[in-house]
Amino acid sequence: MFSQKLSSRCEEPVFTASLMENEAYDRIGDEPPNYEETSFSGGTTSNGNGTSNGEHRAVRPSVVSAFGHDTLDRVPNIDFYRNAGSVSGNRAVRPSLQELHDVFQKVSVCVYDVESVIPLDNKDGTVRFGWIKGVLVRCMLNIWGVMLFIRLSWVFGQAGWGLGIVVIALSCVVTTVTGLSMSAICTNGVVRGGGAYYLISRSLGPEFGGSIGLIFAFANAVAVAMYVVGFAETVVDLLKENNAIMIDELNDIRIIGCISVVLLLGISVAGMEWEAKAQIGLLIILLVAIVNVFVGTGIPASTDKKSKGFFNYDAKIFMENLPPDFRDGETFFSVFAIFFPAATGILAGANISGDLKDPQDALPKGTLLAILITGVTYLGVALCVSATVVRDATGNINDTIATGMDMFCNGSNTAACEQGWNFSSCDVSSCKFGSMNNFQVMTMVSGFGPLITAGTFSATLSSALASLVSAPKVFQALCKDNIYTALKFFAKGHGKNNEPIRGYVLTFIIAVAFIIIADLNVIAPIISNFFLASYALINFSCFHASYAKSPGWRPAYRYYNMWLSLFGAVLCCGVMFVINWWAALLTYAIEIFLYVYVTVKKPNVNWGSSTQAVTFVSAVNNALSLTGVEDHVKNFRPQCMVLTGAPKNRPALLDLAHCFTKNYGLCLTCEVFVGPRTETLTDVNAGMEKNQMWLNKKKRKAFYAAVACDSFRQGTENLMQASGLGRLKPNILMMGFKKDWRTADTAGVQSYVGVLHDAFDFEYGTVVLRMNQGLDVSHIIKAQGEYTHTHASYLVVNAYYCIIKHITNVFSFLFSPPASVTTPQSPQVVVVNERLVSNSTQFQRKQGKGTIDVWWMFDDGGLTLLLPYILTTRKKFKDCKMRIFIAGQPGRVEQDRMKSLLEKFRIKYADIHVIDDITQNPNSNSWKMFEDMIEPFRLHEGSKSTTLAEALRKDNPWKISDAELDTFEEKTNLQVRLNELLQENSRAANLIIVSMPIARLGSVSDHLYMAWLDILTKNLPPTMLIRGNHKSVLTFYS
């Protein structure tokens, strides 16, 4: 049935072998494919934005889906949810809401998409490991280190098996809690390569991930040297016993260590498959060695072994080893510090997460099981040794108690005494044998000593091999994310497994450098602290993600607890100081430095970290808490809605608003798209993220908002009513002066003045900025864009021209580069544009010494005074002094009154000027300028008959009548006279602030009001007209 429907709707499909033929798949990252609409009338095609376009691109087809009819809707499919560049499958793009809403039922050609795609089959030969070989084996080999055979008996000798169990249990608690946290994190989504770095960076963000990733990779690289040196020391001990030292002990360690690391490097570079086989071989040797220990404890002890303190299983020996017996200044914490590095290694599986078949399943299962097995093994071996070996023994086979000799057994060697051995001399002088003195107790206890040596070799080499693989893998993942741009070179992989060959070489160099030092007693605790810092952040990541309660936090592994994870993080930090306090401080210092570095660099990544989630939750909670607090004048701060259009179109207006609000309040840059909604919505949606990113890039602490409306006034009204969140809402409207009001159509002027009226109605403070050259530089930006595009095309043509010219000179005369890349502009236009660009960036530069002149004509609540004061607190305006101009009567009364007020407000000023001649009539030239300004907009009905005057008023209600001019003659004179005074007193000011006149709604025509604003600010330095909402923003009360 399905095939019949399909054949009835489209031609016979041609299946291609490549998935990339599928038009639903995204070839270029996050950008959706282009779709074409075909009209039923056979007219021109549209590009989806409603604009005519000559390009013909692939059409997303409608298909016969599971619903049995043609539809653009798609059934749920995993390919829709993949990231761009996914390695496990191609990313498909679902139909957009606009497609379903606008272009449904369009006629199109049948092309198959995701619903008819054959799933990807990974046949590239990449090696992937399961949970046993990939995680369990690696973790066990890394945890079973040299400590098992060389130091475990000493730890239980010092601490006794009572506190020894606490040492192992505490170590297991740290690793188990970390394992639970890691399990929750890695089952909360697909895990890629990078191990601890990947888990932490995707949870807490690049700052934490980048800092810990670098030191974790370095710690693994140095750990290679540690394990190899441990192996080399064991070999040198064997050489010394057989008198086969090559040069001397130190140089022999270096030689053997370098040779060993070269062989390990060869295994690693050969590929993960060979490395896994080597690990299996080493595991078998290690298991045999461990079994050898258990078997040896059951074999009857020889006289030689008894003289060295080994007596099969004995309850009295076991009880004698119960209490601690700390010697040589050792304490519980120092013994714990020595043992704990043996428990590290739980991230060995996570470090190769990119090479696992199913990391989400393998990591929790393999890691936790490895912790359980190794913990039980450590405990079992330690208890067996505690039940069979005494703390002190002489090693002298003659120290036996003769038969029939009556000797009272007491003191620290009671158990040995009852076994017929006299080790009392160990109370007086130190002995060389027993669990406290002999590090080779395991070799003595075992059934076959050389197997323990082989186990020691296996433990060291397996740990070294695991670290040698882990360090480059983690480092490669870090470099791929390009957090440290200088390290991008190491991101490249080779072969089917994307092996980090460059990372291997770097790790090899670091390992050899530390092997040559051959003394790692100082560096060892630092490395342990590096690992613990990783564990702490993994635990904190789990806690943080749970605390954020983000809907995206849905781990499949449920056996975790956020408070347990927090306890694990604190415990890890505490253990760091227990192991070595100065190493812990050094680790924190390095991590903080790297964190600050990454924060300052701000890598261009977004992983949806829990830090973002917590920031969002905190912002919402803080915004809600503000709603419960009434506004207070002391806490007033300017929160500006700035009508910039696109933020880059009016930089001067944005820069000045940013000076008001940076670190003070909210800044909202707004754009109104005028036109039918169907035509403008695409531009609104497209500009949201782009303009916000531009603001962030320019370090402007502002938000971008846009609306689509039929008129500019309606759009601005919507913004003023709906913008903001609780108390975080604009209280000041900033806009530029409409310089072209005299040539603009009437509707444009009415819309502009209407916005000012609306601002007063909604009780917004209002600021209008005027600069002589204007504010809008959008035409220059557009011209620069066209020039750049044309110039790039020219460079390509010129490059081909140069190549051909050098190949042959015979035909060189046929080729000549274009004479110019753009149409030349007239000198006058160029000069105007240069001045406009210079003025537009004026407030981005530091202002020279000068003044900010504040003409505080009317009391508006103090906004006219507060805004310039805020400017003087900024670095760009710190060299500018405030001069205050007020209207008043002659004499010092007004000046003293204003001086007293400013002192109470604690506002610094340079001078106070009282303008006592403001009521004088303006001179004739100024008045003539004003009359010329309003002449085109006057009715002149006074010279007409009554009938004609009424007809003129009816046909042109927006024009300025003679009666209106008479009514507002004094106010008009004031604006013209003020401009004369401004020219006289403030011509050299850096910035002028003037109280904005208000036009009474319905009484003053729009063109007369614009003429007031124009004549008031004409031919002046940058001028701001300010009018507060007549609510106090200043107070002198504490």
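Residues numbered from 1 in each chain as written. Predicted model: local features only at pLDDT ≥ 70, side-chain atom pairs only at ≥ 80, totals over all residues. Heavy atoms only, no water.

A. The confidence of the model for the chain, seen in detail. In the predicted model, the chain carries a mean pLDDT of 80, and the fraction of residues at 70 or more is 82%. For the stretch residues 799–824, pLDDT sits under 50, and the model shows 13 contacts to residues farther than four places along the chain or on other chains. (pLDDT = per-residue confidence, 0-100. Contact = heavy atoms within 4.5 Å.)

B. The state of the cysteines, seen in detail. Counting across every chain of the model gives one disulfide. A disulfide bridge connects Cys426 with Cys431, and the sulfur atoms are separated by 1.8 Å. Because the sign of the S-S torsion sets the handedness, a value of about -105° for the bond joining Cys426 and Cys431 places this disulfide among the left-handed ones. Here Cys667 stays unpaired: no disulfide links it, and the sulfur of Cys640, its closest cysteine neighbor, is 6.0 Å away. (Disulfide = S-S within 2.5 Å.)

C. Looking closely at the nonpolar core. Of all hydrophobic cores here, the largest spans 139 residues; its most connected members are Phe149, Leu152, Phe339, Leu347, Tyr378 and Leu532. Sorting elements by how many residues they give to this core places helix α7 (residues 206–241) first, with 17 residues. Ignoring sequence-local partners within four residues, the contact set of Phe149 consists of Leu286, Ala289, Ile290, Val293, Phe439, Met442, Ile452, Gly455 and Thr456. Of all hydrophobic cores here, the second largest spans 54 residues; its members include Leu719, Trp855, Leu981 and Tyr1009. (Core = buried A, V, L, I, M, F, W, Y, C linked by side-chain atoms within 4.5 Å. Buried < 20%, exposed > 50% of the residue type's maximum accessible area, 1.4 Å probe, protein only. Helix = DSSP H or I, 4+ residues; strand = E, 2+ residues; numbered from the N terminus.)

D. Geometry of the sheet that holds strand β4 (residues 667–674). The strand order across the open sheet formed by ten strands is β5-β4-β3-β6-β7-β12-β11-β8-β9-β10, and the pairing between neighbours is mixed. Strands at the two margins of the open sheet, each flanked by one partner only, are β5 (703–709) and β10 (911–915). In this sheet, neighbouring strand axes are inclined to one another by 20° on average, regardless of whether the strands run parallel or antiparallel. Alignment of strand β7 (residues 765–770) against strand β12 (residues 1023–1027), held across five bridges, turns out to be antiparallel. Counterpart to Val767 in the pairing with β12 is Ile1026. Against the sheet, helix α22 (residues 651–661) contacts β3 (640–642), β4, β6 (732–736), β7 and β12, and its axis sits at roughly 155° relative to β6. Running over the sheet, helix α29 (residues 893–905) touches β9 (880–887) and β10 and is turned about 140° from β10. (Pairing = 2+ DSSP bridges. Axes fitted to C-alpha atoms, helices over the stretch in contact; angles between N-to-C directions.)

E. Representation of the packing of aromatic side chains in the model. In the structure shown here, the tally under the stated rule is 26 aromatic pairs. Ring geometry for Trp927 versus Phe930: centroids 5.5 Å apart, planes at 40°, classification tilted. A residue pair is termed a helical-turn pair when its members lie 3 or 4 positions apart in one helix, as Trp927 and Phe930 do in helix α30 (residues 924–934) at three residues. When its relative accessible area of 24% is taken as the criterion, Trp927 is described as partly exposed. Looking at Phe930, the relative accessible area reads 0%, which means it is buried. The ring of Phe129 carries Arg138 above its face, with NZ or CZ at 5.5 Å from the centroid. (Phe/Tyr/Trp six-rings, centres within 6.5 Å; stacked < 30°, edge-to-face > 60°. Lys NZ or Arg CZ within 6 Å of the ring centre and 35° of its normal.)

F. Representation of helix α5 (residues 152–186) in the model. Between its first and last C-alpha atoms α5 spans 32 Å; for 35 residues at 1.5 Å apiece the expected length is 51 Å, and the helix comes up short by more than 12%. Along α5, the sharpest kink reaches roughly 115°, centred on Gly160. (Expected span 1.5 Å × (residues − 1). Bend = angle between axes of the 7 residues up to and from the residue.)

G. A look at the packing of helix α24 (residues 712–722) against helix α25 (residues 746–761). Where α24 contacts α25, the axes come no closer than 8 Å and their chain directions differ by 20°. By the angle class used here, α24 and α25 are roughly parallel. Relative to α25, the crossing made by α24 is right-handed. Note on element contacts: α25 touches α24 through Ser751, Gly754, Val755, Asp758 and Ala759, opposite Phe712, Arg713, Thr716, Glu717 and Met720. (Parallel < 35°, antiparallel > 145°, perpendicular 65-115°, else oblique. Left-handed = near helix turned anticlockwise from the far one by under 90°.)

H. Summary view of the pairing of β10. Across five bridges, β9 lies against β10 in parallel orientation. Directly across from Phe885, in β10, lies its bridge partner His913. Read as a crossover between parallel neighbours, the route from β9 over α29 to β10 is right-handed. (Right-handed = clockwise from strand over helix to strand, strands pointing away.)

I. Region of interest: empty space enclosed by the protein. One pass over the full model with this rule turns up four cavities of 30 Å³ or more. Computed from the structure, the largest cavity encloses a volume of approximately 100 Å³. Asn142, Asn220, Thr344, Gly345 and Phe531 are, among the 13 residues lining the largest cavity, the residues nearest its centre. For the lining of the largest cavity, the secondary-structure elements that each account for two or more residues are α7 and α18 (523–548). When its residues are assigned to classes, the lining of the largest cavity shows seven nonpolar, six polar and no charged. (1 Å grid on protein atoms, 1.4 Å probe; cavity = no way out; pocket = protein on both sides within 12 Å on 5 of 7 lines; lining within 4 Å. Points joined across faces, edges and corners; volume = space filled by probe spheres on them. Nonpolar A, V, L, I, M, F, W, Y, C, P; charged D, E, K, R; others polar.)

J. Geometry of the pattern of salt bridges. Following the criterion strictly, the structure yields 22 salt bridges and no others. When the shortest N-O distance is used, the salt bridge between Lys365 and Asp361 registers 3.3 Å. Residue Lys365 and its partner Asp361 are both found in helix α13 (residues 359–386); the two are separated by four residues, about one turn of the helix. A relative accessible area of 36% means that Lys365 is categorised as partly exposed. Assessed through its relative accessible area of 36%, Asp361 is described here as partly exposed. As a salt-bridge pair, Glu980 and Arg977 come within 2.9 Å of each other at their nearest N and O atoms. Of this pair, Glu980 and Arg977 both sit in helix α33 (residues 969–985), three residues apart, which is roughly one turn of that helix. The same class applies to Glu980 as to Arg977, namely buried. (Salt bridge = Lys/Arg side-chain N within 4 Å of Asp/Glu carboxyl O.)

K. Region of interest: the environment of Glu717. Note that Glu717 resides in helix α24. With relative accessibility at 28%, the residue Glu717 sits in the partly exposed group. Sequence-wise, Glu717 and Phe762 are 45 residues apart; in three dimensions their C-alpha atoms are separated by 9.1 Å. Not counting the four nearest positions on each side in its chain, Glu717 is found in contact with Asp758 and Phe762.

L. How the structure looks around a positive patch on the surface. A cluster of basic side chains, namely Lys602, Lys662, Lys699, Lys701, Lys875, Lys876 and Lys878, defines a positive patch on the protein surface. Structurally, the position occupied by Lys699 is in the loop between α23 (677–697) and β5. Looking at Lys699, the relative accessible area reads 68%, which means it is exposed. (Patch = residues over 30% accessible without salt bridge, like charges linked within 9 Å, V, L, I, M, F, W, Y side chains within 5 Å. Areas by Shrake-Rupley, 256 points an atom, 1.4 Å probe, with all protein chains shown as cover. Lys, Arg positive; Asp, Glu negative; His and termini not counted. Charge placed at Lys NZ, Arg CZ, Asp CG, Glu CD.)

M. Up close: the pairing of β4. With seven of eight residues buried, β4 is to be regarded as a mostly interior element. Here three bridges tie β3 to β4, and the two strands are oriented parallel to one another. If you follow Met641 over to β4, its bridge partner there is Leu668. Two strands pair when backbone bridges link them, and β4 and β5 are joined in this way by seven bridges, in the parallel orientation. By the bridge assignment for β5, Thr669 is matched with Tyr704. Once you follow β4 into α23 and on to β5, the crossover reads as right-handed.

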